[in-house]
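# A structural walkthrough
One-letter residues, chain by chain:
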Amino acid sequence: MEQEQILSAYFVIQQGPQAGKRVEIWKDCTTIGRSRECDIFLEDIAVHRKQARIVYTASGYALCDDHGSGDSFVNGRPVKEKLLRDGDELLFGNTRLTFYSHEATREFPRPSSRGRELHKRKAVDPNASAIAKLDFRNAQGAPRSFELHPEMTIGRSRECDIFLEDLAVSRLHATIRQLPDGGYELEDHHSVSGTLVNGRVVTRCRLNEGDIVQIGQSTLTFKRV
């Protein structure tokens, strides 16, 4: 059950060319620098092309300075490696960022656009009939159901079939697919916060009637139609 303790985290840029921008940390290893190949791209000529990494460890997220020139700062002190805490201030070049963690325990802001809500369905065979469904419930919304088709993705990306607006959920968190015998299996895609079925962390498992899937703050109950 250790994966239940995994943190969700993000930065808010306080000072620099991108001031006010919020940057989510959603990988086990997140690179920071002036190179557009970095996960967090800082538009600051004073920042090295590959400045640092944010690495998830058993104790939480840690900053690792990759450049080695002593110009990665946490709370005003140069660091080579430092475990980050909620509210820590980081400085790279002229860019100052504040680190926030434990976001998964807080209420999530709603989107400014209401054009799409919790479900974006890809084109499916109109002649296909669903044989199973997920009864969905989260901390903010009313319960609803999703009919399951041969393969459906779940995640924080709006390209997923089931979109979960939750920073504790990975962009592509999991997939539910139909098996040759008509059953369904759930596969976790190395997500940051993990996927639980009936309270147990899983990477891949067959779903049975009444199984309860926990992804972030959302609970999905598997039922046959």
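What you are looking at is a predicted structure, and each value in this text was computed from that prediction instead of being measured. (Residues numbered from 1 in each chain as written. Predicted model: local features only at pLDDT ≥ 70, side-chain atom pairs only at ≥ 80, totals over all residues. Heavy atoms only, no water.)

All right, on to the sheet that holds strand β12 (residues 132-137) then. Read from one edge of the open sheet, 6 strands run β13-β12-β22-β21-β18-β19, paired in antiparallel fashion. Looking at which strands have only one partner, the edges of the open sheet turn out to be β13 (144-148) and β19 (200-202). Averaged over neighbouring strand pairs, the angle between their axes works out to 30° when direction is ignored. Bridging between strand β18 (residues 195-197) and strand β21 (residues 212-215) involves 2 bridges; their strand directions are antiparallel. Within β21, the position partnered with L196 by the bridge is Q214. (Pairing = 2+ DSSP bridges. Helix = DSSP H or I, 4+ residues; strand = E, 2+ residues; numbered from the N terminus. Axes fitted to C-alpha atoms, helices over the stretch in contact; angles between N-to-C directions.)

Below, the discussion takes up the nonpolar core. If you look at the biggest cluster of nonpolar residues, it comprises 22 residues, and the most contacted ones within it are L148, I176, L186, L207 and I215. Listed by contribution, the elements that provide at least two residues to this core are β12, β13, β14 (151-155), β16 (174-178), β17 (184-188), β20 (204-207), β21 and β22 (218-224). At 3 residues, the largest contribution of residues to this core is made by β12. Counting 21 residues, the second largest nonpolar core, distinct from the first, contains F11, L84, F99 and V192. (Core = buried A, V, L, I, M, F, W, Y, C linked by side-chain atoms within 4.5 Å. Buried < 20%, exposed > 50% of the residue type's maximum accessible area, 1.4 Å probe, protein only.)

This part covers the sheet that holds strand β15 (residues 162-163). If you walk across this open sheet you meet the 5 strands as β15-β14-β16-β17-β20, and the pairing is mixed. Of all strands in the sheet, those with a lone pairing partner are β15 and β20, marking the two edges. Looking at chain direction, β16 and β17 are connected through 5 bridges and run antiparallel. Directly across from T175, in β17, lies its bridge partner E187.

Along the polypeptide, D135 turns up in strand β12. The exposure class assigned to D135 is buried, which follows from its relative accessible area of 18%. What D135 contacts, discounting residues up to four positions off in sequence, is R144, S145, T219, L220, T221 and K223. (Contact = heavy atoms within 4.5 Å.)

A side chain of one charge can pair with a side chain of the opposite charge when the charged atoms of the two come close. Inspection of every chain in the model, using the stated rule, returns 9 salt bridges. In this structure, E89 engages R96 in a salt bridge whose closest nitrogen and oxygen atoms are separated by 3.9 Å. Judged by relative accessible area, which is 37%, E89 ranks as partly exposed. Under the relative-accessibility criterion, R96 is labelled partly exposed at 26%. The closest approach of N and O atoms between K133 and D135, which form a salt bridge, is 3.8 Å. You can call K133 partly exposed: its relative accessible area is 28%. (Salt bridge = Lys/Arg side-chain N within 4 Å of Asp/Glu carboxyl O.)

This next bit is on unusual backbone geometry. Phi at N75 is positive, roughly 50°, even though this residue is not glycine. When you line up the elements, N75 lands in the loop between β7 (72-74) and β8 (77-78). You can call N75 partly exposed: its relative accessible area is 46%. Phi at H190 is positive, roughly 50°, even though this residue is not glycine.

Attention now goes to the pairing of β14. Most of β14 sits out of view: 4 of its 5 residues are buried. Bridging between β14 and β16 involves 4 bridges; their strand directions are antiparallel. Among the inter-strand pairings, I154 is bridged to a residue of β16, identified as A174. Summarising the sheet, β14 and β15 pair through 2 bridges and their orientation is parallel. Looking at β15, one finds that I154 is bridged to I162.

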